[in-house]
Amino acid sequence: MKPRRLDELLASCGYTSRREVKNWIRAGRVRVRGQKPASASIKADPGEVLIDGEPVDHPGVLLVLMHKPAGYVCSHDDREGPRVYDLLPPRWQARNPSLNTVGRLDKDTTGALLLTDDGTLVHAWTHPKRKVEKHYLVDLAHPLDPTLIGFFAAGDLVLEGETTPCRPARLEILGDTRARLVLTEGKYHQVRRMFAAVGNEVLRLHRECFGPCSIAHLLPGQFETINPTGPREEPPGNGAATA
Ligand code: URA
């Protein structure tokens, strides 16, 4: 790994402030290749640093897959309700650059949510050109009309307030009022607005997967780290399971 200043490394990984690192060193909490470092400004390979006897917690990019529970917001503003960030370890919440959600799910929506501290990854996972599939399980207020399959697939639906139509979307009817909708874009409240546009109402919305990342093995509120790659580079192997 690329050498980094100890004070910058510990502060960016959420351990403490840059200024405090010298006190951590003095207290013997930081080791580099088994030795007490001479100062907080020396550069070290993060893989050779131990903090309180433990390797540095994700010194590189962090990509987290969470099963978002209902009632949590993707905003950083806690006036909007409990935040998905509150479910993460405090050290991750103190990282700088901070963790951000890759797109957003509504407060009442459950399911697959990615979070990362890397802007390039946000772009890679959300850019419409990448056509990353997101699968939504939808419960509706009114029975589904099978003609909707062709209508959503045609890519003609222009939502209220928009100028460009929604991309073609795949609708699978699973029951009278239950369907799976597969989107490759993420307009604001898109699923709810698509069904509202055809006179229906979404009662429950669950995202089963974001590209190759399924949360079927995670309970609501649980999360895990995955390989910090874009959606196409390699399958999202498991990092350290953390929830
Ligand atoms: N579409 C919505 O309407 N809400 C979500 O949370 C996600 C997609």
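*Asks:* Can you walk me through the site of the ligand in this structure?
*Replies:* Neighbouring residues of the ligand: Leu105, Asp106, Thr109, Tyr136, His189, Gln190, Val191, Arg192 and Leu205. Within the contact set of the ligand, an oxygen atom lies 2.8 Å away from a side-chain nitrogen or oxygen of Thr109. At 3 residues, helix H6 (residues 190-197) tops the list of elements feeding residues into the shell around the ligand. Counted by class, the shell around the ligand contains 4 nonpolar, 3 polar and 2 charged residues.

*Asks:* Got a minute to help me understand the nonpolar core in this structure?
*Replies:* Note on soluble globular proteins: their nonpolar side chains tend to be buried together. Residues Leu88, Val138, Phe152, Leu181, Val191, Met194 and Phe195 are the most contacted members of the largest nonpolar core, which totals 32 residues. Of all the secondary structure elements, the ones that give two or more residues to this core are strand S6 (63-68), strand S8 (110-116), strand S9 (134-140), helix H5 (147-154), strand S11 (178-183), H6 and strand S12 (202-210). Apart from the residues lying within four places of it in its own chain, the contact partners of Leu181 are Lys134, His135, Tyr136, Val138, Phe152, Ala169, Arg170, Leu171, Val191, Met194 and Phe195. If you look at the next biggest cluster of nonpolar residues, it comprises 15 residues, including Leu10, Tyr15, Val21 and Ala40.

*Asks:* It is not clear to me how the pattern of salt bridges should be interpreted in this structure. Could you clarify?
*Replies:* Opposite charge on two side chains allows them to pair when their charged atoms are near. Considering all chains together, one arrives at 18 salt bridges under this definition. With a shortest N-O distance of 2.7 Å, Arg29 and Asp52 are connected by a salt bridge. Of the two residues, Arg29 is situated in the loop between helix H2 (21-26) and strand S2 (30-32) and Asp52 in the loop between strand S4 (49-51) and strand S5 (54-55); the sequence distance between them amounts to 23 residues. In this structure, the salt-bridge partner of Glu48 is Arg33, at a minimum N-O distance of 2.8 Å. Linking Glu48 in the loop between strand S3 (43-44) and S4 with Arg33 in the loop between S2 and S3, this pair joins segments that are 15 residues apart in sequence. Given the relative accessible area of 32%, Glu48 is considered partly exposed. Each of the salt bridges in this network shares a partner with another, and the network as a whole consists of Glu133, Arg170, Glu172, Arg180 and Glu208.

*Asks:* Even after reading the chapter, I still don't get the packing of aromatic side chains, so can you show me in this structure?
*Replies:* Each aromatic ring pair is summarised here by two numbers: the centre-to-centre distance and the angle between the ring planes. A full pass over the atoms with the stated rule returns 5 aromatic pairs. Each residue in the set Phe151, Phe152 and Phe195 is aromatic and connected to the rest through ring pairs, giving one cluster. Taking NZ or CZ as reference, Arg29 lies 3.8 Å from the ring centre of Trp24, over its face. We note Lys134 situated over the ring of Phe210; from NZ or CZ to the ring centre the distance is 5.5 Å.

*Asks:* When you look at the pairing of S6 in this model, what are you seeing that I'm missing?
*Replies:* Looking along a regular strand, one sees side chains alternate from face to face of the sheet. Of all the 6 residues making up S6, 6 are buried; the element is thus mostly covered by neighbouring parts of the structure. Along S6, one buried face is formed by Leu63, Leu65 and His67 and the opposite face, lined by Val64, Met66 and Lys68, is buried too. Pairing geometry for S6 and S8, over 6 bridges, is antiparallel. Bridge pairing in S8 places Leu65 opposite Leu114. Relative to strand S14 (residues 223-226), S6 runs antiparallel, the two sharing 3 bridges. In the sheet register, Leu65 faces S14, and the bridge partner there is Glu224.

*Asks:* Explain the sheet that holds S4 to me, please; I cannot follow it from the model alone.
*Replies:* Two modes of strand pairing occur in sheets, parallel and antiparallel, and in both the strands are linked by backbone hydrogen bonds. Taken in spatial order, the 3 strands of this open sheet run S2-S4-S5, and their pairing is antiparallel. Of all strands in the sheet, those bounded by a partner on one side alone are S2 and S5. Two elements, S4 and S5, share 2 bridges in a ladder whose sense is antiparallel. Paired with Ile51 across the strands is Glu54, a residue of S5.

*Asks:* Which parts of the structure should I look at to understand unusual backbone geometry?
*Replies:* Trans is the prevailing form of peptide bonds, just as negative phi is the prevailing case for residues other than glycine. Following Asn96, the chain continues to Pro97 via a peptide bond in cis, the omega torsion being 5°. If you trace the backbone, Pro97 turns up in the loop between helix H3 (90-93) and strand S7 (100-101). Even without a glycine there, the phi angle at Lys131 is positive, about 50°. By the secondary structure assignment, Lys131 is in the loop between helix H4 (119-126) and S9. When its relative accessible area of 47% is taken as the criterion, Lys131 is described as partly exposed.

Rules used in this analysis
- Residues numbered from 1 in each chain as written.
- Predicted model: local features only at pLDDT ≥ 70, side-chain atom pairs only at ≥ 80, totals over all residues.
- Heavy atoms only, no water.
- Near = heavy atom within 4 Å.
- Polar contact = N/O pair within 3.5 Å; in protein donor to acceptor, adjacent residues only side chain to side chain.
- Helix = DSSP H or I, 4+ residues; strand = E, 2+ residues; numbered from the N terminus.
- Nonpolar A, V, L, I, M, F, W, Y, C, P; charged D, E, K, R; others polar.
- Core = buried A, V, L, I, M, F, W, Y, C linked by side-chain atoms within 4.5 Å.
- Buried < 20%, exposed > 50% of the residue type's maximum accessible area, 1.4 Å probe, protein only.
- Contact = heavy atoms within 4.5 Å.
- Salt bridge = Lys/Arg side-chain N within 4 Å of Asp/Glu carboxyl O.
- Phe/Tyr/Trp six-rings, centres within 6.5 Å; stacked < 30°, edge-to-face > 60°.
- Lys NZ or Arg CZ within 6 Å of the ring centre and 35° of its normal.
- Pairing = 2+ DSSP bridges.

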